[in-house]
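# Descriptive analysis of the structure
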Amino acid sequence: MGEQWAFYFDTDKCIGCHACSVSCSQRHGRDSDQDEWRTVKNVTTGTFPDVSSLPISMSCMHCADAPCEKVCPCNSIVKREEDGIVTVDRDSCIGCHYCGWACPYGAPTYDDGGIMSKCNMCLGEGPGGGHGMPPREEQEDGGSTPACVDNCVGDAIKAGPVSELKEQASDAAMQAFAQEPANIIVEADRDGDNAFPYEA
Amino acid sequence: MSSQSGDGLTRRSLLKAGGAAATMAALGGCVDDVARQVGFGTDRTATPIADANTAFGNCWMCCHNCAQEVKVTDDGQVIGITGVDGNPRGSAGPGTEGTLCPKGLAQLDKTHDPERIKQPYIRVDGELQEATWEEAFEYTAERLQEFDDEHGAETFLDAGSWAETPIFRTIWRDLYGTPERIGRGVHVCAGPTFVAGGMMGVGSNNRIPDYQNSEYLIMWGRNPLEAFAGQFEAKGLLKAIEENNATLVTIDPQYTETAEKSDEWLPIAPRTDGALALAMAHVIIEENLYDAEFVENHTYGFEAYREAVADKTPEWAAEITDIEADKIRQIARGFAEAAPQAGISIWTGTAQQANGWKASQNITALNGLVGNIDRPGGLRLWKDTPTADPFEVCEWTPDDKATSETIQGVDLPNNAAGKEKALHKYDEYNEYPFRHVEGIAHNLVPEMVENGHINGIYCHHDMPLKDGNADAWMEALDQMDLVIAVDAYWNGVTRNADVVFADATQLEKDTIGTGSWSAYSEHQWVIGGKAATEPQFNTKSDWDILIGIAEEMGWGEYFPWEDHEEFIDDQLLELDITLDELCSGEENFELVGEYGYEQWREEDGPAFSFDLDQVPPFVQAANEAGMSTVPDWQPPGTYGDELSEAYPLEFFDIRSVFFSHGSDQGIDRMLDQFAKKNELDDKDYRGNYLHINPVDADERGIETGDMVTIESETGSGELMAHVTELIRPGFVTSEYGFGAGSAQQDYEGMNTMKLHAKQMDPITGQPDRHIAVEVRGGV
């Protein structure tokens, strides 16, 4: 079994600009009005002037124990042994939406002809891209940089093998990571605010 | 120039309908067949971006030159776009990731956007008709000749802004011979910031502090994490926080992304920035926190400044600004103690108000007081990259001489010499103090058209209908005898033009970008871009458009270059590099010169002036406006609107990270993201939103998603309400560049400047965008 890949998100550095979701849609050839594989939302709380508006960028979390994989009646969804990326085989997917109901984060989308599509960590390009592909390689070994990582203006999003991400993460973020099913390491902001895990 | 408006179905709503139908079919029928028919099957081998060719560009969406790396297929389709690591405008400096912001990424969509203007048009019998390029050039030349005969070339207004080539200045001023010119910078963006800064000795560098070396940063009426002039601003700010543990203070009546990342957010009462700055100076002087050595040896007018702030206590300012006195003391001390590694950024927020001159002067004065002028982390005197004037350095061989002798330089005439600008020439404008300081004012153009002093316009990368007196400008465009427009999208100017030149967009042309401020505090720089693909549809680059006009006018001899690349190579002679060299290799930028801090030591005279009594044009303008020459307090309403019972809310228009200068409102992807940001993407509406506090909304029975009417004393419009706690009660805002005349096909939303009459800063003529309004629900 290869090393699991994960996303890393630094709340302090996300400026809510949506470059991640725009570049994701562009990389995967998705029209502007199609459902996004990566979304940005501002979690706004408080009453003027004591307010907060925390921008959060989210995609498929490539969960350690992926609930979408478990409910898929056609075994089209695979949590890959080699890199932990969750992919979908669109040739066998029947568009039943079970994965959509099981996913706590609203990651699966169905507007590619009714068949499920979602983030594949840019293992491939386009809907279904990534399924059956060789193990994820790092950029220095010829792998692509996920579009969201490559285009994050604030340098808030990273992706890579968990061991590498760990080196950059704080202890608090790693503790939370150990307790959450989502395969994402999240840093709280300077005020200690952290909107993850965040249900869509 | 007949008025035409945009209406009908948008491409977006058509796509939506199409998408819904496909989904229905998929759910009801054979899934595999549908998936195959619509081309959504799995192709595991397809990695089109990885296989495409690489080209470099120079982002022009907001004209601030973040470097681009693009992926292009063999048949010229741009299919991928991203930033260039370490580039001066789109990274945080050496060894850092280069990116593009969302509107920069949208250049990919813009390049192949079927909604672009695809070919030239000329007006025949009152209607715009498709024309060949030859017909358009001939028509233009004829009309320009007739215009000169009938009205005089000096009544033609050059409104070229941020063009990818500078030769529009040569054509309209030197060759056609008009002294009239308007740009977007001083005249509608931030006149007081630019001009006050210039007169005080720091140029317009009061906008961009030396972020990366700073320990204390005040974003005053600025939101550089969303509305940046190149991503290096946002990245530099984040870097200062991460690496220097810098304190970030945001002063803004609205809670922004920058406020979210700030240690302190001061939701100041609108238009009271000048009072806060005076009180900060009071604290800094009273507590001896200022840089006495710098003030004594390198500034002018300190005693007058000290006197002016003597009674401006924090308690006095607290009453005006709605910021507690202790908070004012805290910020003043924090700023002064961190100096010189402390910077302030101002731009449009404190300038687009009729009392913006004093706000800008008072705030800029704080820099001189703490001695941060051109010191690391303070107010940096950014240095431009020198380029050669191709008209002086070019070497060419005339066609019409039987010799192969090479000539250096082009002997350009100056056909505008001796011609006076209308603002200075005619008595009609004597009531405007800014005539002593400026050559034109945006809000006066309609009046000048009415008076017959301006009769035509060349409008290029310039969207006058989003600024100032929009309604009067629309009438003025109708009234002008000749409107020449160069643009990529249909909007209120192109629809009303006599000639429309279909402009290729930036990835379809050769460009260079230079400037001063960047992620490199001590280097000058240049970024290059060679056309990544051919001009799309039947468009041409602005260089080819202007050369086409010039040749038809008989001015071809003044342009001996084969193409724009040759012209750019002459510009680059100064830097001993060619465009080709710049764009070969792994990146497309060069650092070309190094310069140190404290450059004022090399100059004679004071580095900084608090009092402007030694600047004659300002003294004349200030006298007429009834304004002192030192920092001073001018309450809201001294020149602009006062709130009243009928118009109790204060309106101001704002920017969004998805749009720039009103030129990309036509791009669906940006409109959709903008709706998502406001969590209103489930509505069909894709216009701008009226941000209003629940206190004001409840009083008026308004809820998020309602269409509301906003009304000032002179105008009104409708737009969708966005009720939010992130804005100060009594203050309402909306994004500019939408509605009537915009680049959005259906003109959805509201042109915020329909609320504006002619309010201006008396010293620069800067349109005042703070307007007294009332908002009503139930449209």
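The text that follows walks through the structure, step by step, so that each part is easy to find. (Residues numbered from 1 in each chain as written. Chains lettered and ligands numbered in written order. Predicted model: local features only at pLDDT ≥ 70, side-chain atom pairs only at ≥ 80, totals over all residues.)

To continue, consider the overall build of chain B. Within chain B one finds 27 helices and 26 strands. The C-alpha radius of gyration computed for chain B amounts to 26 Å, which stays within 12% of the reference 28 Å derived for 779 residues, consistent with globular compactness. When the backbone C-alpha atoms are referred to their principal axes, chain B occupies close to 80 × 70 × 55 Å. Here chain B holds 779 residues, and the buried ones make up 61% of them. (Helix = DSSP H or I, 4+ residues; strand = E, 2+ residues; numbered from the N terminus. Rg over C-alpha atoms; globule rule 2.2 N^0.38 Å. Buried ≥ 20, exposed ≤ 12 C-beta atoms within 10 Å, placed from the backbone.)

Turning next to the sheet that holds strand β4 (residues 121–124) of chain B. Residue and element names in this part refer to chain B. Reading across the sheet, the 6 strands line up as β5-β4-β16-β15-β14-β6 and stay open at both edges, with mixed pairing between neighbours. Unpaired on one side and paired on the other, β5 (127–130) and β6 (156–160) mark the two borders of the sheet. Going across the sheet, the axis of each strand differs from the next one's by a mean of 15 degrees, ignoring polarity. As judged from the 5 bridges shared by strand β14 (residues 456–460) and strand β15 (residues 482–487), these two strands associate in the parallel manner. Residue Y458 lies in a different strand from β15, and its bridge partner there is I484. (Pairing = 2+ DSSP bridges. Axes fitted to C-alpha atoms, helices over the stretch in contact; angles between N-to-C directions.)

Moving on, we come to the interface of chain A and chain B. Contacts between the two partners involve 48 residues from chain A and, on the opposite side, 49 residues from chain B. Among the elements of the structure, α1 (19–27), β2 (39–47), β3 (50–58) and β6 (109–112) of chain A are those that each provide at least two residues to the side of chain A that touches chain B. Partitioned by chemical class, the residues of the side of chain A that touches chain B number 15 nonpolar, 21 polar and 12 charged. (Contact = placed C-beta atoms within 7 Å. Nonpolar A, V, L, I, M, F, W, Y, C, P; charged D, E, K, R; others polar.)

The next point concerns the pairing of strand β1 (residues 5–10) of chain A. Residue and element names in this part refer to chain A. Counted residue by residue, β1 has 6 buried out of 6 residues, so it is predominantly covered. Here β1 shows no split at all, with W5, F7 and F9 on one side and A6, Y8 and D10 on the other all buried. Relative to strand β8 (residues 157–161), β1 is paired through 5 bridges, and the arrangement is antiparallel. When the bridges of β8 are listed, Y8 appears paired with K158. Relative to strand β9 (residues 184–187), β1 is paired through 4 bridges, and the arrangement is parallel. Bridging from a neighbouring strand, Y8 pairs with I185 of β9.

Residues and elements named next belong to chain B. It is the contact of helix α12 (residues 273–286) with helix α17 (residues 356–370), at a shortest axis distance of 7 Å, that shows an interaxial angle of 25 degrees. Taken together, α12 and α17 sit at an angle that is classed as roughly parallel. Read as a crossing pair, α12 and α17 show a hand that is left-handed. Every residue of α17 that contacts α12 at D273, G274, A277, L278, M280, A281 and I284 is listed here: K358, A359, N362, I363, A365, L366, L369 and V370. Taken together, the residues that form the contact of α12 with α17 break down as 11 nonpolar, 2 polar and 2 charged. (Parallel < 35°, antiparallel > 145°, perpendicular 65-115°, else oblique. Left-handed = near helix turned anticlockwise from the far one by under 90°.)

Fair warning: the whole summary comes from geometry, so function is off the table for now.
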